[in-house]
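Now for the letters of each chain:
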Amino acid sequence: MSGAPQRAAAAPPLLAFRAWQPTAFGAVNWRGLWALYYGYGVSRFLRFGLETLAGPLVSSLLFLLVFVVGQRDLGEMLPGVGLTEFIAPGIVLYAVAYTAFQNSAAMIVMDKMEGTIADVQMAPLSPLEVMAGFALSAATCGLASGSLVAIGTALFVDYSYFDATLVLGFAVATALLFALLGTIAGLWAERWDHYGAVEGFVIVPLGLLSGTFFSVVRLPEVFRDWIYFNPVLYAVDGFRAGFIGQAETSLVLGGTLLAALNLILALLAWRLFTAGYKIRP
Amino acid sequence: MEHQSLSLAGPRVRQIGRVNGRGLWTLYMKEVRRFLNVFTQTLLAPMVTTLLFLAIFTLALGGGGREVGGVPFASFLAPGLVMMAIVQNAFANTSSSLVIAKVQGNIVDVLMPPLSAGELTLGIAAGGVTRGLMVGLAVGLGMWVFVPVTIHNPLFILYHGVMAALMLSLLGMIGGIWSEKFDHIAAVTNFVITPFSFLSGTFYSIERLPQAWQVVAHFNPFFYMIDGFRYGFIGHADGSLLLGVAVMAGFNLFLWAVTYRMFATGYRLKP
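Trainee: Sorry, what's going on with the overall build of chain A here?
Mentor: Scanning chain A for helices and strands turns up 10 helices and 2 strands. Ordered by position from the N terminus, the helices and strands of chain A form the series α-α-β-β-α-α-α-α-α-α-α-α.

Shown next as structure tokens:
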């Protein structure tokens, strides 16, 4: 100030430019998060709706049909609960979980293979926001797919009892769980067959051996103790309790377990994004 | 002694007889190596999934010594699941091979060599048949550990196993040639192959269907292959065996002709 010549304050510049200004955002880059969540994740899912929404719907309904047609006379799975009523919620939740996993994992693997993951890393998003964007969009897709399957099965199955809190709570927790698993698996996978291996050897067994299609009571003694170590059992059981009004496991335990698992996986995924695990050269 | 100081003859054109055996073998091995390269995904994963299906269906539906078609439920179910593994993998192999090659543009590597339409059809179909049968064998051996498997007539098992793998390989080729994007082939899988294989009596005896649906089921070629294949194991068939053999042969002949035409005319393959 001291030595600098004073300019006339009123003199207008010859050419007026409005300088480019970076978007100002506060603690959370909401706009960026929304762009990642919707523009990058959900809209990509919806664009392939025939494949991503109608595909699971058709195969889920076929599954249900096979049970309804082939096994009509089989009686009750649990006291007062027919086979169809027992299995339908399991099929719905399986669609939720499977779509959520597939969405986040396939999205990240594809981005890594094609190099477009840099678009996400370059954006002014913190690792936490990136993690949330990927996981939440995949969870949303899982829930969308599950809702469609639920509506489809409602045509054939009598859902007279309905506890919205249980159904929504467990559906959201499961969708998040598998979306986070998918995020971590996607970061870990270097090629498509790694992704296929996780899907074939971890996700499908976890999903199928969880009491989706059978009651724990039906298991031979040896396996009955082991199945309680599968967290998906609690998810399916809690979700189904919202439809049939009875559970085989403790709902409080299941809810707590899912919440804790989600927290651990979210922290892990956050950590991986922060460290740039397998995505930063 | 003949001695040529200088030979001016250039490289000779390889003489190809009626069938380009070497080219055919190369194409076949390319198809086989393609899936063996990622065998965890193409062989092991289907095996695990099918065994899990066996476990859940037996647990959910086989309680109390239930019998279907005169045999325990698990023994009824096992051949159907093996057949489903064959069906899905044979289809996946040929369809993905063609769609990926088309999307990536390296389909020219298959179209440019001196291979006729018939040789292309045979080479690619044989790759799909190989994968289907390998997965089927792996799944069958895996099931044998858990389920008592009886063999009633090995000829029926072999005939229907090979014919089913061929049929789905040809369907996969037709689907693959028709598809222009991955979504198209996914739609064919979801809306054609999966429904046909699920509604074919894999999981239940069609005697349980309502009368009207039984008639419909008899128009599904998948029904005959699963029925005949299962007959080879348990000695009980829902439909006519002779008709099944004829349907499989006829349908494969028809599909072969369609695939051949597609390669010969270059439908959606050549610009």
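Having seen it, we continue.
Trainee: Sorry, what's going on with the confidence of the model for chain B here?
Mentor: Low-pLDDT stretches of the model should not have their predicted coordinates read in fine detail. Residues and elements named next belong to chain B. Per-residue confidence for chain B averages 90 on the pLDDT scale, and 96% of its residues sit at or above 70. When pLDDT is averaged over each helix and strand of chain B, the minimum, 77, is found for strand β1 (residues 67–68) and the maximum, 97, for helix α6 (residues 154–178). In the model output, the complex is listed with pTM 0.87 alongside ipTM 0.83.

Trainee: Honestly, the interface of chain A and chain B in this entry has me stumped. Any pointers?
Mentor: The parts lose accessible area when they come together, and the size of an interface is often stated as this lost area. If you look at the interface, chain A gives 25 residues, while chain B gives 24 residues. Elements represented by at least two residues in the side of chain A that touches chain B include exactly α2 (49–70) and α7 (192–208) of chain A. Of the residues forming the side of chain A that touches chain B, the biggest block, 9 residues, is contributed by α2 of chain A. Of the residues assigned to the side of chain A that touches chain B, the class counts are 16 nonpolar, 6 polar and 3 charged.

Trainee: Is there a simple way to think about the environment of Val 28 of chain A in this case?
Mentor: Residue and element names in this part refer to chain A. Along the chain, the position of Val 28 falls in the segment before α1 (30–47). Measuring from C-alpha to C-alpha, the distance between Val 28 and Ser 215 comes to 45 Å, with 187 residues separating the pair along the chain. With residues near it in sequence (within four places) discarded, Val 28 still touches Leu 33 and Glu 129.

Trainee: When you look at helix α10 (residues 241–265) of chain B in this model, what are you seeing that I'm missing?
Mentor: Each α-helix turn comprises 3.6 residues. Residues three or four places apart therefore point the same way. Residues and elements named next belong to chain B. Here α10 contains 25 residues, and its C-alpha end-to-end distance of 36 Å stays within 8% of the 36 Å for a straight helix at 1.5 Å per residue. All of the buried residues in α10 are Gly 244, Val 247, Met 248, Asn 252, Leu 255, Thr 259, Met 262 and Phe 263. The inward-facing, buried residues of α10 contact α5 (117–146), α6 and α9 (221–234).

Trainee: Can you help me understand the nonpolar core in this one?
Mentor: Note that soluble globular proteins tend to have their nonpolar side chains buried in a common cluster. Counting residues in each nonpolar core, the largest one holds 151 residues, and the members touching the most others are Ala 100, Ala 135 and Leu 180 of chain A together with Ala 164 of chain B. With 18 residues, helix α3 (residues 83–114) of chain A is the single largest residue contributor to this core. For Ala 164 of chain B, the residues in contact, after removing those within four places along its chain, are Met 83, Ile 86, Val 87, Met 225 and Phe 229 of chain B.

Trainee: What should I look at first to understand the packing of helix α3 (residues 73–104) of chain B against α6 of chain B in this one?
Mentor: Two quantities define a packed helix pair, namely the angle between the helix axes and the distance between the axes. Residue and element names in this part refer to chain B. Where α3 contacts α6, the two axes come as close as 7 Å, and the packing angle between them is 30°. Relative to α6, α3 is oriented roughly parallel. Considering the relative orientation of α3 and α6, their crossing is right-handed. Packed against α3, whose contacting residues are Met 83, Ile 86, Val 87, Ala 90, Phe 91, Asn 93, Thr 94, Ser 95, Ser 97, Leu 98 and Val 99, the element α6 presents Gly 161, Ala 164, Ala 165, Leu 168, Ser 169, Leu 171, Gly 172, Met 173, Gly 175, Gly 176 and Ile 177 at the interface. Partitioning the contact of α3 with α6 into residue classes produces 13 nonpolar, 9 polar and no charged.

Trainee: How do you make sense of the packing of helix α9 (residues 231–244) of chain A against helix α10 (residues 251–275) of chain A when you look at a structure like this?
Mentor: Residue and element names in this part refer to chain A. Taken N-terminus to C-terminus, the directions of α9 and α10 make an angle of 125°; their axes are 9 Å apart at the nearest point. Considering their axes alone, α9 and α10 lie oblique with respect to each other. Relative to α10, α9 is oriented so that their crossing is left-handed. Here Pro 231, Tyr 234, Ala 235, Asp 237, Gly 238 and Ala 241 of α9 lie close against α10, whose contacting residues are Leu 251, Leu 253, Gly 254, Gly 255, Leu 257, Leu 258 and Leu 261. Considering only residue class, the contact of α9 with α10 consists of 9 nonpolar, 3 polar and 1 charged.

Trainee: Before we go on, may I ask you to explain unusual backbone geometry in this structure?
Mentor: What you tend to see is this: most non-glycine residues have negative phi, and most peptide bonds are trans. Located in the positive-phi region is Lys 278 of chain A, a residue other than glycine, with phi close to 60°. Along the polypeptide, Lys 278 of chain A turns up in the segment after α10. By C-beta crowding, Lys 278 of chain A is classed as partly exposed, having 15 other C-beta atoms within 10 Å. The phi dihedral of Arg 268 of chain B falls on the positive side, at around 55°, and the residue is not glycine.

Criteria and thresholds
Residue numbers run consecutively from 1 along every chain, following the written order of its sequence. Note on labels: chains are lettered from A, ligands numbered from 1, in written order. Per-residue local features of the predicted model are confined to residues with pLDDT of at least 70, and side-chain atom pairs are confined, for both listing and counting, to 80 or more; whole-chain, interface and lining totals are unaffected and use all residues. Helix and strand assignments come from DSSP, with helices taken as H or I runs of at least 4 residues and strands as E runs of at least 2, each series counted from the N terminus. Per-residue confidence from the prediction method is given by pLDDT, with values spanning 0 to 100. Here contacts are defined at the residue level, using C-beta atoms placed from the backbone and a cut-off of 7 Å between them. Residues were grouped as follows: Ala, Val, Leu, Ile, Met, Phe, Trp, Tyr, Cys and Pro as nonpolar; Asp, Glu, Lys and Arg as charged; and all remaining residues, including Gly, as polar. Residue count minus one, scaled by 1.5 Å, sets the expected span of a helix. Exposure classification rests on a simple neighbour count of other C-beta atoms within 10 Å of a residue's own: a residue reaching 20 or more is buried, one at 12 or fewer is exposed, and one in between is partly exposed. C-beta atoms are placed from the backbone. By convention the nonpolar core is taken to be a set of buried residues drawn from Ala, Val, Leu, Ile, Met, Phe, Trp, Tyr and Cys and joined through C-beta atoms within 7 Å. Fitted lines through C-alpha atoms give the axes, limited to the stretch in contact for helices. The angle between two N-to-C directions lies from 0 to 180 degrees. Relative orientations are named as follows: roughly parallel for angles under 35 degrees, roughly antiparallel for angles over 145 degrees, roughly perpendicular for angles from 65 to 115 degrees, and oblique for any other angle. By definition, turning the near helix anticlockwise from the far helix through less than a right angle yields a left-handed crossing, and turning it clockwise yields a right-handed one.

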